[in-house]
Amino acid sequence: MSDMPQPARGAGRFTLFPRLSGVAITGILIAIFLMAFLVLPVIQVIYVAFLDAQTGAMTLQNFRDFFNTSLFRESFVNSFYVSAMSVVFATIIALPLAYITTRFNFAGTAIIQSLGFIPLIMPPFVGAVAMSLLFGRNGSVNLLLDQYFGFKVPFMEGLNGVIFVQSIHYFPFILINLSASLRNIDRSMEEAAQNLGSSGMRMFRRIVFPLAMPGYLAGAALVFIKVFDDLGTPLLLNVNTMLAPQAYLRITGVGINDPMGYVISFILVAFSIFALWASFLFMRGKDYATVQKGGGGLSKRDLAPREKLVAWAVILFILALVLAPHFGLMLLAFGTIWSFSPLPDGFTLQHFGTVFTQSSQYIWNTILYAGSAAIIDVILGVAIAYIVLRTGLIGRKWLDYMATAALAVPGVVLGIGYLRMFHGVQLPFGLGQMSSFWGLIIVALAVRRLPYALRACMAALQQVALSLEEAAESLGANKSSTVRRIVVPLMTGGILAGFVTSFATAAVELSATIMLVGRASDAPLAYGIYLYMQSPAGRGAGAALGILAVVIVALGTYLSQRIIEKDRNRRASAPGAEQ
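Residues numbered from 1 in each chain as written. Predicted model: local features only at pLDDT ≥ 70, side-chain atom pairs only at ≥ 80, totals over all residues. Heavy atoms only, no water.

Asker: Teacher, can you tell me more about the overall build of the protein chain here?
Answerer: Check the secondary structure of the protein chain and you find 26 helices and 2 strands. Burial statistics for the protein chain: of 579 residues in total, 50% are counted as buried. Long-range pairs, those at least 24 residues apart, make up 76% of the contacts in the protein chain with a sequence separation of at least 6. Of the roughly 28300 Å² of accessible surface on the protein chain, a fraction of 65% belongs to carbon and sulfur atoms. (Helix = DSSP H or I, 4+ residues; strand = E, 2+ residues; numbered from the N terminus. Buried < 20%, exposed > 50% of the residue type's maximum accessible area, 1.4 Å probe, protein only. Contact = heavy atoms within 4.5 Å. Areas by Shrake-Rupley, 256 points an atom, 1.4 Å probe, with all protein chains shown as cover.)

So this is what it looks like as structure tokens:
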């Protein structure tokens, strides 16, 4: 009996939890985080939109009530109208800049393109009040028009103001994508059209612009989504008859159980997805491919003196228009009293003194929240990028899909989802309700900005040769050691770029934070700007905070680009880079 083979210890034993690798455990933890703080809050919002508040049964009555209420119908139409018209006016601004700088030999092309991107460093709600003081009924421009020509133009009246501000702020999305498409057009297509007698506007309308359509539609879809979901600009311009402001006002005014806030949130998410789907559907089945590698771009020609004069006039007018919010914000921040006059009565540094003596808490909170969110983002970004690109883990692509889906979820919807999901959840150690805990703001910012860090980390990891990891493992290093000592150091440039981008954009996030601030002492910079801008007396200090926000975003954008460029140059100059 003693010679009989004994079964191996543990053989055939049932295990409740199978042995998982470190990569699998990491993937599961990330999936749990994204499910808890992105997917489930949005599902909760959608579920409540179809829920009968009295009986708890599923119903479409909430949507009938929505469309039977004149205020909501008006808000729906206004949101669609403002978004569509913003795309139109953004196109009118972006198209001349993109075409002139890519079609003609034009001095200062790089500077013009750079100045055209500047509006992106200012959140639209920051410049909204400054634009009112410049272009409002009694703003600088209308006062001068009335004085010299006897008429006024309603630039900022009602929905016009929202369209005006949003068009100026978001047109760079069209400019960037359209310029890239124009540079990649196959030059032979243009030459063939010229040989057949086409030229001028006819060739642009029939050949050039259709070939640049993919880039244009990508930018236009982004503009539509951004405008449709924006909360801060309509609120600061006192335009409440739009969907995002109505969602905010219903939840904060009527209560967390009001079904209309959830119906509006569902519509906001649905239209964000619809805009992306429509742009894809429009391009499906059409061929935009080029024959040459890189397309060669449009053949450039010199401008005649008269044409050059007209081109400069158009460009200078557009640049003056798009830089107006920054100019107005500077005047408001340094001005004393600015009312019924083209310029402030005097200039002072008092507003900045007020910011640093009375409102420093906003700044420190922002550094804490945005910094913590950015750290979370790069950690998650590195982990997701490695799992997706370097492992065969089942379902790994869904981590990428879930993280990227945050782009289609408006901030106000995510905030409402958090309020609903975590309402009544008590935290230990006397921290109070989770829905009003400042840590939830960090989580919201991290989820909202995760796609930016993830894309930077994905790009960085794709440039790390797999052979380096294989070499390390062949020398005895385990997987975790290889990732820690080989992969992450080589991804430093992308990680830093992702961190800076997430930090800079999270620092000026308003849509989600305005829903989650439980106490004034927990408020970040964007919320402080919103509070200050509510009254004429506080606008100077609000503008000073706005200047600080612009500096943060501008510095973050600059550092991000420098890091990426430095990392690209380092790789290009590395031994064996050409192989």
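Asker: What is the right way to read helix 7 (residues 159-183) from this model?
Answerer: Since the α-helix turns once every 3.6 residues, residues separated by three or four places project in the same direction. A rise of 1.5 Å per residue sets the reference length of helix 7, with its 25 residues, at 36 Å; its end C-alpha atoms lie 35 Å apart and thus fit the reference within 8%. Its axis deflected by about 40° at Ile168, helix 7 carries its strongest bend there, up to four residues before the proline Pro172. Helix 7 sits mainly inside the fold: 20 of its 25 residues count as buried. (Expected span 1.5 Å × (residues − 1). Bend = angle between axes of the 7 residues up to and from the residue.)

Asker: What should I look at first to understand unusual backbone geometry in this one?
Answerer: What you tend to see is this: most non-glycine residues have negative phi, and most peptide bonds are trans. For Asn238, which is not glycine, the phi torsion reads 60° and is therefore positive. Non-glycine residue Phe340 carries a positive phi angle of around 55°. Here Phe340 shows up in the loop between helix 15 (324-334) and helix 16 (350-358). A relative accessible area of 62% means that Phe340 is categorised as exposed.

Asker: Looking at this structure, I do not really get the packing of aromatic side chains. What am I missing?
Answerer: Any aromatic ring pair is given by two values, namely how distant the centres are and how the planes are angled relative to each other. Counted according to the given criterion, the structure contains 28 aromatic pairs. Each ring, one from Tyr369 and one from Trp438, has its centre 6.2 Å from the other, and the planes form 20°; the classification is stacked. Taken together, the positions of Tyr369 in helix 17 (residues 360-390) and Trp438 in helix 20 (residues 438-462) put the pair 69 residues apart, joining distant regions of the chain. On the basis of relative accessibility, which here comes to 2%, the residue Tyr369 falls in the buried class. The exposure class assigned to Trp438 is partly exposed, which follows from its relative accessible area of 31%. Three or more aromatic residues joined by ring pairs form one cluster here, namely Phe66, Phe67, Phe72, Phe76, Phe80, Phe224, Phe228, Phe271, Phe274 and Trp277. (Phe/Tyr/Trp six-rings, centres within 6.5 Å; stacked < 30°, edge-to-face > 60°.)

Asker: How should I be thinking about the pattern of salt bridges in this particular structure?
Answerer: Between side chains of opposite charge, a pair can form as their charged atoms come close. Taken as a whole and judged by the stated rule, the model has 6 salt bridges. With its nearest N and O atoms 2.8 Å apart, the salt bridge here joins Arg250 to Asp258. For Arg250, a relative accessible area of 22% puts it in the partly exposed group. Looking at Asp258, the relative accessible area reads 9%, which means it is buried. Among the ionic pairs, Glu509 bridges to Arg448, the shortest N-O distance being 3.3 Å. A residue pair is termed long-range when its members are at least 10 positions apart, and Glu509 in the loop between helix 23 (492-506) and helix 24 (513-516) and Arg448 in helix 20 qualify at 61 residues. Taken together, the shared-partner salt bridges in this structure form one network comprising Arg448, Arg449 and Glu509. (Salt bridge = Lys/Arg side-chain N within 4 Å of Asp/Glu carboxyl O.)

Asker: Would you take a moment to explain the environment of Leu440 for this structure?
Answerer: Along the chain, Leu440 turns up in helix 20. Overall, Leu440 belongs to the buried group, its relative accessible area being 2%. Sequence separation of Leu440 and Leu516 is 76 residues, and the distance between their C-alpha atoms is 7.4 Å. Discounting residues that sit within four places of it in the chain, Leu440 has contacts with Phe37, Tyr418, Phe422, Met434, Ser435 and Leu516.

Asker: Would you mind going over helix 3 (residues 70-103) with me for this structure?
Answerer: When the terminal C-alpha atoms of helix 3 are compared, their 48 Å separation across 34 residues agrees well with the 50 Å that a helix rising 1.5 Å per residue should span. Its maximal kink placed at Ala94, helix 3 deviates by approximately 30°, while the proline Pro96 follows within four residues.

Asker: In this structure, what is going on with the confidence of the model for the protein chain? I would like to understand it.
Answerer: In low-pLDDT regions, the fine details of the predicted coordinates are not to be read closely. Summary statistics for the protein chain give a mean pLDDT of 84 and a share of 89% for residues scoring 70 or more. Across residues 7-12 the pLDDT falls below 50, and counting only partners more than four positions away or on other chains, this stretch makes 0 contacts in the model. (pLDDT = per-residue confidence, 0-100.)

Asker: Explain the side chain of Thr59 to me, please; I cannot follow it from the model alone.
Answerer: Take Thr59: it is sitting in the loop between helix 1 (22-49) and helix 2 (61-68). Judged by relative accessible area, Thr59 falls into the buried class, the value being 17%. Within the local environment of Thr59, its side chain forms a polar contact with the backbone nitrogen of Gln61, the two atoms lying 2.9 Å apart. Apart from the residues lying within four places of it in its own chain, the contact partners of Thr59 are Phe50, Leu51 and Asp52. (Polar contact = N/O pair within 3.5 Å; in protein donor to acceptor, adjacent residues only side chain to side chain.)

Asker: Would you mind showing me how to read the side chain of Ser83 here?
Answerer: Within the secondary structure, Ser83 is located in helix 3. Contacts of Ser83, omitting those with residues within four sequence positions, involve Phe224, Val227 and Phe228.

Asker: Looking at this structure, how should I read the environment of Phe266?
Answerer: Inspection of the secondary structure puts Phe266 in helix 13 (residues 259-283). Between the alpha carbons of Phe266 and Ile43 there is a distance of 9.5 Å; along the sequence they are 223 residues apart. Phe266 has contacts with Val45, Ile46, Ala49, Phe50 and Phe63, leaving out every residue within four places of it along the chain.

Asker: Help me understand a nonpolar patch on the surface in this model?
Answerer: On the surface, Leu20, Ile25, Ile28, Leu29 and Ile32 cluster together into a nonpolar patch covering about 450 Å² of accessible area. By the secondary structure assignment, Ile32 is in helix 1. (Patch = residues over 30% accessible without salt bridge, like charges linked within 9 Å, V, L, I, M, F, W, Y side chains within 5 Å.)

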